[in-house]
Amino acid sequence: RDTSYKNKQVSLLLITKVAMKFGAYLREKLILEWKSYALDYKSLKKALKIPETSSDTDDTDGREGNDQAVIVPTSTGRIFNNKREKIRSIEQFNKILEKGEKTIAEFYEKKGRWAKESEGVLRERVNRLKVLSAESAIGDGPTSIPPLTQPQDIYKCFASDPSFRSYVSVRRSLSYFLSEVDLVIEFLTLNGTAFYKILKKFDKRTGLTTLQGRLEDLSQSHPFLQDGGGLRIIRERVNQMLLDMTQLRPMLPEGWEHRKVYTIGSFDSFDLRHRDILIAMREFGHFVMVGIFDDVTHGELNVNSPPTDTLKTRMDNVKRFVDMVFVIPSSDSVPFLKCAVSENDIESGMCCFVQGEDEGEFVGREWVGSVMPLHLISITNEIEVQK
């Protein structure tokens, strides 16, 4: 049983042994807003810390009534030899551990309610999309598009169609939910590893053999620490919804999938919503290009506030999801966009620009809107908005 629980943490433990001590790794990986729910690994280690004393200079023979611990070397490390010190340490440790078990259980229950409610909202949205797709002629071809001759006009009309906009919105919400659930499950399993590591350290420091029994109790009371519990089941159902979305994708106008898609921004402190909008850009074409403001320009556009991440870090974060990244070293992005956008693509309608609604009034919008379709998409958590 001990081995079974331990095996689920093997890959993470291998990483931490190579890279850093587990406590440091845990602090680095914890999401700041969830930190209060995490096991207080540092305090638990402190509770087990043995005072540095020397038995050959101090009269610390471990007699009852002596509060100073004697350090006894063993094959597994140093352990407590003073009864009172040992009891005090164990009581403090158990108090912190019990609080940790309670808070992580509260976190799981809270996220479990969120996941169930979100799944219901997402399922309703998918069902509404099915109805909308059946009612919209755009799903069967370009019959809902009025007679137009210029590709740019056809693409603008298509992008404004309720069926297409709903499709993009629902698909993004499903993707965002799955990413959020993955973070929650990672948080839970990381805490599961923390419980295992600190309980193992407890036995090593106290000389007791409680690890197997405590892990058995933990696997019964907190099974979600091993694989996410019910959250993983919900994730599988929502992921199936996302797979089924391919059947609801509207038939695209000729040439739509061959377009180049552009956007600009700083992409500082890269998070799920940045990633989400970059993935959504794939719905508007096949080749995605992103212009990123350099550090000086970022400061000019954000009231002399320097970026949190370096330009290289910001470019690396974005490049994982797009085809090409270029630097914009000025608050006036137009000259650099003109260099990046092909005149042939403009004339043939093979390019468009996608931007988040919150940054819709960007410098250069007038030029962009005059040469290519401009699509504004929401970057809010649409699940919460719907709820």
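Going by the structure above, here's the rest.
Residues numbered from 1 in each chain as written. Predicted model: local features only at pLDDT ≥ 70, side-chain atom pairs only at ≥ 80, totals over all residues. Heavy atoms only, no water.

Looking at the overall build of the protein chain
Alright, step 1. The helix and strand tally for the protein chain stands at 17 helices and 7 strands.
Alright, step 2. Within the protein chain, the fraction of its 387 residues that count as buried is 47%.
Alright, step 3. When contacts within the protein chain are restricted to residue pairs at least 6 apart in sequence, those whose partners lie at least 24 apart make up 74%.
Alright, step 4. Of the roughly 20300 Å² that the protein chain leaves accessible, carbon and sulfur atoms contribute 50%. (Helix = DSSP H or I, 4+ residues; strand = E, 2+ residues; numbered from the N terminus. Buried < 20%, exposed > 50% of the residue type's maximum accessible area, 1.4 Å probe, protein only. Contact = heavy atoms within 4.5 Å. Areas by Shrake-Rupley, 256 points an atom, 1.4 Å probe, with all protein chains shown as cover.)

Quick word on the pattern of salt bridges
Alright, step 1. Enumeration over the complete set of coordinates arrives at 12 salt bridges.
Alright, step 2. Two residues, Glu119 and Arg123, come together in a salt bridge whose shortest N-O distance is 3.3 Å. With Glu119 and Arg123 both in helix H5 (residues 83–135) and 4 residues apart, this pair spans about one turn of that helix.
Alright, step 3. The exposure class assigned to Glu119 is buried, which follows from its relative accessible area of 8%.
Alright, step 4. Put simply, Asp345 and Lys260 hold a salt bridge, and the shortest N to O gap is 2.9 Å. In this pair, Asp345 is assigned in helix H15 (residues 343–348) and Lys260 in strand S3 (residues 260–265), connecting sequence segments 85 residues apart.
Alright, step 5. For Asp345, a relative accessible area of 11% corresponds to the buried category.
Alright, step 6. One salt-bridge network, in which partners are shared between bridges, spans Arg171, Arg249, Glu257 and Glu283. (Salt bridge = Lys/Arg side-chain N within 4 Å of Asp/Glu carboxyl O.)

Considerations on helix H7 (residues 162–206)
Alright, step 1. With 45 residues, H7 extends 66 Å from end C-alpha to end C-alpha; this agrees with the ideal 66 Å at 1.5 Å per step.
Alright, step 2. Counting buried positions over the 45 residues of H7 gives 33, a clear majority of the element.
Alright, step 3. Two residues or fewer past H7, Gly207 is found with a positive phi of approximately 80°. (Expected span 1.5 Å × (residues − 1).)

A short note on helix H6 (residues 151–159)
Alright, step 1. For H6, every residue scored as buried is listed here: Gln152, Tyr155, Phe158 and Ala159. Buried residues of H6, seen end-on, are gathered within an arc of 130° and therefore sit on one face of the element.
Alright, step 2. Tucked inside the fold, the buried residues of H6 contact H7, H15 and strand S7 (374–377). (Arc of directions from axis to C-beta.)

Let's talk about the environment of Phe93
Alright, step 1. Following the sequence through the fold, Phe93 ends up in helix H5.
Alright, step 2. Assessed through its relative accessible area of 0%, Phe93 is described here as buried.
Alright, step 3. Along the chain, Phe93 and Ser43 lie 50 residues apart, while their C-alpha atoms are 8.2 Å from each other.
Alright, step 4. In contact with Phe93, not counting residues within four places along its chain, are Leu44, Ala47, Leu48, Ile198, Leu199, Phe202 and Arg214.

What to know about the packing of H5 against helix H10 (residues 230–244)
Alright, step 1. Two numbers describe how H5 lies on H10: the axes approach to 10 Å, and their chain directions differ by 15°. Between H5 and H10, the crossing angle belongs to the class labelled roughly parallel. Classified by chirality, the crossing of H10 by H5 is left-handed. Contact residues: Tyr108, Lys111, Gly112, Ala115, Lys116, Glu119, Leu122, Arg123 and Val126 in H5; Gly230, Leu231, Ile234, Arg237, Val238 and Met241 in H10.
Alright, step 2. Of the residues assigned to the contact of H5 with H10, the class counts are 8 nonpolar, 2 polar and 5 charged. (Axes fitted to C-alpha atoms, helices over the stretch in contact; angles between N-to-C directions. Parallel < 35°, antiparallel > 145°, perpendicular 65-115°, else oblique. Left-handed = near helix turned anticlockwise from the far one by under 90°. Nonpolar A, V, L, I, M, F, W, Y, C, P; charged D, E, K, R; others polar.)

Quick look at the packing of aromatic side chains
Alright, step 1. Scanning the model with the defined rule gives 12 aromatic pairs in all.
Alright, step 2. Through a chain of ring-to-ring contacts, the aromatic side chains of Trp34, Tyr37, Phe107 and Phe187 assemble into a single cluster.
Alright, step 3. Sitting above the plane of the Trp114 ring, Lys111 keeps its charged end 5.4 Å from the centroid.
Alright, step 4. The positively charged end of Arg259 is found above the aromatic ring belonging to Trp256, 4.0 Å away from the centroid. (Phe/Tyr/Trp six-rings, centres within 6.5 Å; stacked < 30°, edge-to-face > 60°. Lys NZ or Arg CZ within 6 Å of the ring centre and 35° of its normal.)

Some words on the side chain of Arg259
Alright, step 1. Summarising the element assignment, Arg259 is placed in the loop between H10 and S3.
Alright, step 2. As a buried residue without a salt bridge, Arg259 has its nearest oppositely charged side chain in Glu283, at a separation of 9.9 Å.
Alright, step 3. Among the polar contacts listed, one links the side chain of Arg259 to the backbone oxygen of Phe284, at a separation of 3.0 Å.
Alright, step 4. Here Arg259 is in contact with Tyr155, Phe284, Gly285, His286, Phe287, Gly349, Met350, Cys351, Cys352, Pro373 and His375, once residues within four sequence places are set aside. (Lys, Arg positive; Asp, Glu negative; His and termini not counted. Polar contact = N/O pair within 3.5 Å; in protein donor to acceptor, adjacent residues only side chain to side chain.)

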